[in-house]
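The chain contents come next:
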There are 2 protein chains.
Amino acid sequence: MIDLKTAVKILALYKLIKNNDWLIRDLAWEIGVREKILVEAVEELSKNYLITIDESHIIWNPADIPSMLNPWGWELVHEPILGSTQEAARGLGPWSIVVAEYMLMGRGRHGKTWKTGLGGLWITFKISTNSETAALMPIIVPVILTRILRTSLDINARIKWPNDIVVNGRKLAGILIEAEAFRNKMIIYIGIGLNVNNEPPIEKAVSIKQIRGMTPRNKILSMMIGWISRAKKLAEEPEKLREQYLEYLDTLNKVVTAKTREGIVQGLAVDVNDLGYLVLETENGRKILDPTITYEVRY
Amino acid sequence: MIDLKTAVKILALYKLIKNNDWLIRDLAWEIGVREKILVEAVEELSKNYLITIDESHIIWNPADIPSMLNPWGWELVHEPILGSTQEAARGLGPWSIVVAEYMLMGRGRHGKTWKTGLGGLWITFKISTNSETAALMPIIVPVILTRILRTSLDINARIKWPNDIVVNGRKLAGILIEAEAFRNKMIIYIGIGLNVNNEPPIEKAVSIKQIRGMTPRNKILSMMIGWISRAKKLAEEPEKLREQYLEYLDTLNKVVTAKTREGIVQGLAVDVNDLGYLVLETENGRKILDPTITYEVRY
């Protein structure tokens, strides 16, 4: 039913989230396995987490443990396993962050499954905001993410329309934005999947580990929190956002083939409008692609 | 890596151990799955646990939740998943009880694996006692278990030498006794696996559910605790214990084939000595079987 090694790894993460420094012997007892089996599992974990084993201790670097962050004004939930962070966030109030080490049924755009390996950042930010900011979220989030990756990690990240982050054409991150509308406000669920220290789940993907080695996740996570806290402020200058989006947009000036609800569309990507819709020059004139009905983009 | 339905079932058990009454919606959020998926998983759980779903609630009957017991003088640890309860008990002091809903690597006698389905009782009792009581444990524990099953549950349980419990030849429970010797005392690990409401793991096994329907586990567990607390008292009358063991012994007066470290032995089972060794009448005279070097017994 359950593969032994994966189970021991996840049980170890459960305990290490609660206490990041264990005597090997104590942790083995706690999980109910022999030390040898625990050490083998933790050696595997150490390929994807900043976890070290010395002679008698197993230590998880706090800078790699999301629950060690106490972001002011946010509630942060950090679980070893969840169905999906988007679903779990539904039970929390706005200004919550849900981080899972492993998702049983991670979702991507258009109901696609999102595969989560141990060591990545699989997060949902739940915020409350006005409708202007909500409408700009599909632009704000990829811009924020790209900026963090470029500025702080020196990674040549670019945006693949509508909101994947790619490096040399390989996918580094995916974004899934969902919204609930109320009378006078919007609740936004910002799902971000970033390949940090995990093994990239698909062939055309890449992880930060592959680009610049093992990286503490909290550095990235705390910057995300900071920028998302300022989303409303960013939305006050939509023209500046659009400029930045265009500057980062890998898709621009490429001949794009898109699978949409209305069929296949092909054309040169020439612009993105205020709402983040992609403008294509096709044989039959201009065509504007709505991301919500565009399933696949290739170029 | 992890089968979705099993994972959701175990995540639900994690939460239900902490709180035995949940709004369906809240529990789905907590696990991060849609209500439909949770309800499907809990419907499966309800085949092996006294868990009910009504319109809005999921409720686990406290009489089926080991952690609801507060046995006086004992420390009780109840975990959804462990490697094995025997290993987990090593980290606790004597007079501890470890119960797991699922064991990743349950052990039986002679290093055989012990398969644990959801809904059974998989327990280790760790006690400290004198060497006289320790020596009698292989007799005391099967006698206790058989007595409980016969007296309180009206099940025609018998002992299959050395310490399986059978009903009409089908295995209902297994016992694994391990010991650590110190200067003036013995630490005993009494591992008991009892098929209660689980699906029996092997063909020649049976569960209490099959014999008399779904049964609250705490009734059985609290009787086990009571009797094991009195093990030293029972050991003061070894002759009475031996009599009772012989009365329950299914193996007696059967022609037995045993696989031992020294080869195959065949003979009529005529007696059990003070230490629980089986006495066989073979073609070449009497032969005494030591359970510690007897791997398999058939009759």
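What you are looking at is a predicted structure, and each value in this text was computed from that prediction instead of being measured. (Residues numbered from 1 in each chain as written. Chains lettered and ligands numbered in written order. Predicted model: local features only at pLDDT ≥ 70, side-chain atom pairs only at ≥ 80, totals over all residues. Heavy atoms only, no water.)

1. Describing the environment of E281 of chain B
All names here are of chain B. Along the chain, E281 falls in strand β13 (residues 278-282). Residue E281 is classed as partly exposed on the basis of its relative accessible area of 35%. Along the chain, E281 and I37 lie 244 residues apart, while their C-alpha atoms are 59 Å from each other. Setting aside its immediate chain neighbours within four residues, E281 contacts G267, L268, V270 and R286. Looking at E281, its side chain comes within polar contact range of the side chain of R286, at 3.3 Å. (Helix = DSSP H or I, 4+ residues; strand = E, 2+ residues; numbered from the N terminus. Buried < 20%, exposed > 50% of the residue type's maximum accessible area, 1.4 Å probe, protein only. Contact = heavy atoms within 4.5 Å. Polar contact = N/O pair within 3.5 Å; in protein donor to acceptor, adjacent residues only side chain to side chain.)

2. Examining the interface of chain B and chain A
Chain B puts 31 residues into the contact, and the matching count from chain A is 31 residues. Both faces combined, the contact of chain B with chain A buries some 2800 Å², and carbon together with sulfur accounts for 66% of it. For the salt bridge of K15 of chain A with E79 of chain B, the shortest nitrogen-to-oxygen distance reads 3.9 Å. At the boundary of chain B and chain A, one finds six residue pairs in polar contact (both at pLDDT 80 or more). Mapped onto the side of chain B that touches chain A, the elements with two or more residues apiece are α1 (4-18), α2 (24-31), β4 (75-82) and α4 (85-89) of chain B. Looking at the side of chain B that touches chain A, the element that brings in the most residues is α1 of chain B, giving eight residues. Residues belonging to the side of chain B that touches chain A are distributed by class as follows: 18 nonpolar, five polar and eight charged. (Buried area = accessible area lost by both parts, 1.4 Å probe. Salt bridge = Lys/Arg side-chain N within 4 Å of Asp/Glu carboxyl O. Nonpolar A, V, L, I, M, F, W, Y, C, P; charged D, E, K, R; others polar.)

3. With respect to the relation of the copies chain B and chain A
Least-squares fitting of chain B to chain A yields an RMSD of 0.0 Å, with the superposition described by an axial translation of 0.0 Å and a rotation of 180°. Taken together, the rotation and translation relating the two chain copies correspond to the operation of a two-fold axis. When you check the interface residues of chain B against chain A, 100% turn up at the interface there too, and the contact is symmetric in its surfaces. (Least-squares fit on C-alpha atoms with pLDDT ≥ 70 in both.)

4. Let's talk about the packing of helix α5 (residues 131-153) of chain B against helix α9 (residues 238-248) of chain B
Residue and element names in this part refer to chain B. One way to put it is that α5 packs onto α9 with a least axis distance of 9 Å and a crossing angle of 55°. Accordingly, the angle class assigned to the pair α5 and α9 is oblique. For the crossing formed where α5 meets α9, the hand is left-handed. Contacts between α5 and α9 pair L136, P138, I139, I140, P142, V143, T146, R147 and R150 from the former with P238, L241, Q244, Y245 and Y248 from the latter. For the contact of α5 with α9, the class distribution of residues is ten nonpolar, two polar and two charged. (Axes fitted to C-alpha atoms, helices over the stretch in contact; angles between N-to-C directions. Parallel < 35°, antiparallel > 145°, perpendicular 65-115°, else oblique. Left-handed = near helix turned anticlockwise from the far one by under 90°.)

5. Things to note about the domain arrangement of chain A
Put simply, an interface is often sized by how much accessible area is lost when its parts join up. Residue and element names in this part refer to chain A. One can read the domain layout of chain A as domain 1 (4-60), domain 2 (66-248) and domain 3 (255-298). For domain 1 versus domain 2, the separation of C-alpha centres amounts to 28 Å. The junction of domain 1 with domain 2 conceals about 1200 Å² of combined surface from both sides, 70% of it contributed by carbon and sulfur atoms. When the area that domain 1 buries against domain 2 is broken down by residue, the three leading residues are I17, N48 and Y49, summing to 43%. Where domain 1 meets domain 2, there are zero salt bridges. Taken together, the connections running from domain 1 to domain 2 amount to five residue pairs in polar contact (both at pLDDT 80 or more). The element best represented in the side of domain 1 that touches domain 2 is helix α1 (residues 4-18), accounting for five residues. (Domains from an automatic or database assignment.)

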